[in-house]
Amino acid sequence: MPHQQPGIDKAQILTEALPYIQRFTGKTLVVKYGGNAMTDPALESSFARDIVLLKTVGLNPIVVHGGGPQVDSLLKQLGRESDRIDGMRVTDAETMEVVEMVLGGSVNKSIVNLINQHGGRAIGLTGKDGNLLRAHKLLMEKTAEDGSVQKIDLGMVGEVVGVKTDVLEMFTKSDFIPVIAPLGVDEEGNTYNINADLVAGKVAEALGAEKLILLTNISGVLDENKNLLTGLTTQEVDRLIETGVIYGGMIPKVSCALDAVKGGVVSAHIVDGRVPHATLLEIFTDHGVGTLITNRVKGHGSH
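Residues numbered from 1 in each chain as written. Predicted model: local features only at pLDDT ≥ 70, side-chain atom pairs only at ≥ 80, totals over all residues. Heavy atoms only, no water.

**Student:** So what's going on with the layout of surface pockets? Which residues, and what values?
**Tutor:** Of the volumes computed, that of the largest pocket is approximately 1400 Å³. Residue lining of the largest pocket: 44 residues in total, with Gly87, Met88, Asn195, Ala196 and Asp197 positioned closest to the centre. Elements supplying a minimum of two residues to the lining of the largest pocket: helix H3 (68-77), strand E4 (88-89), helix H4 (93-117), strand E6 (133-143), strand E7 (149-163), helix H6 (196-207), strand E11 (211-216) and helix H8 (250-262). The element that contributes the greatest number of residues to the lining of the largest pocket is H8, accounting for 7 residues. (1 Å grid on protein atoms, 1.4 Å probe; cavity = no way out; pocket = protein on both sides within 12 Å on 5 of 7 lines; lining within 4 Å. Points joined across faces, edges and corners; volume = space filled by probe spheres on them. Helix = DSSP H or I, 4+ residues; strand = E, 2+ residues; numbered from the N terminus.)

Set out below in structure tokens:
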């Protein structure tokens, strides 16, 4: 039996990645970055390296980030609290100033800086730059116990009504990696705080992206026995929501992935951001590390 060379595992990993690299070269990938992956220095670093590697092997990654904990932390320092209704932040004009400072300023620039330190060329944008994200006020619907539906005004919280894709295409063609803060603007110039998953989904849809990757703080979509569901069709997802297997805080994330796929994105992935290099593992390995949602009826190995 010949002695195995050290590093043979690495060679196998690289050869396994090759068909995926060939298939996805030149394709656009939108990654929603948030949660643990964004607050643990080792995970931050592995995320930045992944994004640079994706760009280097010919994909066009676009990052959309959140920053709720960082906003909370600054509000706390300023002696202010913000209310939440069903997990959505109620955002008055004063809170909006803090949100814009944190998301469009410190958080956005720290991600840009990190990618650049790893050899990428990142550029930070908010939805205001080049009118990238057109928004209008989001009125949240809440069903009361008597079955009536109330509309709740969350203040300066918006939803995406348009994406100016030419701004992003200009940067990706020039080898830049756009890093987008989830702030949109309406016709009157009012700024809105928008859920980062929603922004990532709408950007992926507008660009006809190959993949939407949502990094989360859980291992993916689980079945009723808490086993990871690796590959799902849009019909299966609809059924899991109807039967209550997908519930609570997972519904908005899964709905966002579902809408993107129904809107033309080839596949959406809900991935555990607590796993180092989760993004690379999901794209370039046969097994992946999360839940793949697609219109096509195929297993996970087909990505």
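**Student:** Residue-level account of the packing of helix H7 (residues 234-242) against H8, with values.
**Tutor:** Running from N to C, H7 and H8 cross one another at 155°; their axes reach a closest spacing of 11 Å. One element, H7, and the other, H8, form an angle in the roughly antiparallel class. The two elements H7 and H8 cross, and the hand of that crossing is left-handed. Residues Thr234, Val237, Asp238 and Ile241 of H7 form the contact with H8, whose own contacting residues are Ile251, Val254, Ser255, Leu258, Val261 and Lys262. When grouped by side-chain class, the residues that make up the contact of H7 with H8 number 6 nonpolar, 2 polar and 2 charged. (Axes fitted to C-alpha atoms, helices over the stretch in contact; angles between N-to-C directions. Parallel < 35°, antiparallel > 145°, perpendicular 65-115°, else oblique. Left-handed = near helix turned anticlockwise from the far one by under 90°. Contact = heavy atoms within 4.5 Å. Nonpolar A, V, L, I, M, F, W, Y, C, P; charged D, E, K, R; others polar.)

**Student:** Account for the sheet that holds E11, with residues named and values stated.
**Tutor:** Read from one edge to the other, the open sheet built from 8 strands follows the order E5-E8-E2-E1-E11-E13-E14-E12, with strand pairing classed as mixed. Edge positions in the open sheet fall to strand E5 (122-126) and strand E12 (231-233), since each of these has one partner strand only. Ignoring which end each strand starts from, the neighbouring axes of this sheet average 20° apart. Relative to strand E2 (residues 60-65), strand E1 (residues 28-33) is paired through 6 bridges, and the arrangement is parallel. Bridging from a neighbouring strand, lysine 32 pairs with valine 64 of E2. Strands in contact with helix H2 (residues 41-56) are E1, E2, strand E8 (177-181) and E11; relative to E2, the strand with the most contacts, it is inclined by about 150°. (Pairing = 2+ DSSP bridges.)

**Student:** So what's going on with the environment of threonine 216? Residues and values would help.
**Tutor:** By the secondary structure assignment, threonine 216 is in strand E11. Sequence-wise, threonine 216 and arginine 49 are 167 residues apart; in three dimensions their C-alpha atoms are separated by 18 Å. In this view, threonine 216 contacts Lys253, Ile270, Val271, Asp272, Gly273 and Arg274; residues no more than four positions away in its chain are not counted. For threonine 216, the side chain forms a polar contact with the main-chain oxygen of isoleucine 218, separated by 3.0 Å. (Polar contact = N/O pair within 3.5 Å; in protein donor to acceptor, adjacent residues only side chain to side chain.)

**Student:** Report on the UniProt feature "binding site: substrate" (unreviewed entry) in the protein chain, specifying residues and quantitative values.
**Tutor:** In this structure's numbering, the residues bearing the UniProt feature "binding site: substrate" (unreviewed entry) are Gly67, Gly68, Arg89 and Asn193. Judged by maximum C-alpha separation, these annotated positions cover 127 residues in sequence but sit close together in space, the widest gap being only 12.0 Å. From this annotated list, the subset lining the largest pocket comprises Gly67, Gly68, Arg89 and Asn193. The residue glycine 67 is located in the loop between E2 and H3 in this model. Classification of glycine 67 as buried rests on a relative accessible area of 8%. (UniProt positions renumbered as here; feature names shortened; annotations may be inferred. Buried < 20%, exposed > 50% of the residue type's maximum accessible area, 1.4 Å probe, protein only.)

**Student:** Which residues make up the UniProt feature "site: Transition state stabilizer" (unreviewed entry) in the protein chain, and what are the values?
**Tutor:** Sites flagged by UniProt as "site: Transition state stabilizer" (unreviewed entry) map to Lys32 and Lys253. Judged by maximum C-alpha separation, these annotated positions cover 222 residues in sequence but sit close together in space, the widest gap being only 10.7 Å. Residues that both appear in the annotated list above and line the largest pocket are Lys32 and Lys253. If you trace the backbone, lysine 32 turns up in strand E1. According to the relative accessible area criterion, lysine 32 is buried, its value standing at 9%. If sequence neighbours within four positions are ignored, lysine 32 has contacts with Val64, Gly66, Ala196, Asp197, Ala200, Ile213, Leu214, Leu215 and Lys253. We classify lysine 253 as buried; its relative accessible area is 13%.

**Student:** Requested: an account of empty space enclosed by the protein, with residues and values cited.
**Tutor:** By the definition in use, this model includes 2 cavities of 30 Å³ or more. Quantified by volume, the largest cavity comes out at close to 50 Å³. For the largest cavity, the full set of lining residues is Ala37, Leu43, Ser46, Phe47, Asp50, Leu215, Gly273, Val275, His277, Ala278 and Thr279. Going through the elements one at a time, H2 and helix H9 (278-284) are the ones with two or more residues in the lining of the largest cavity.

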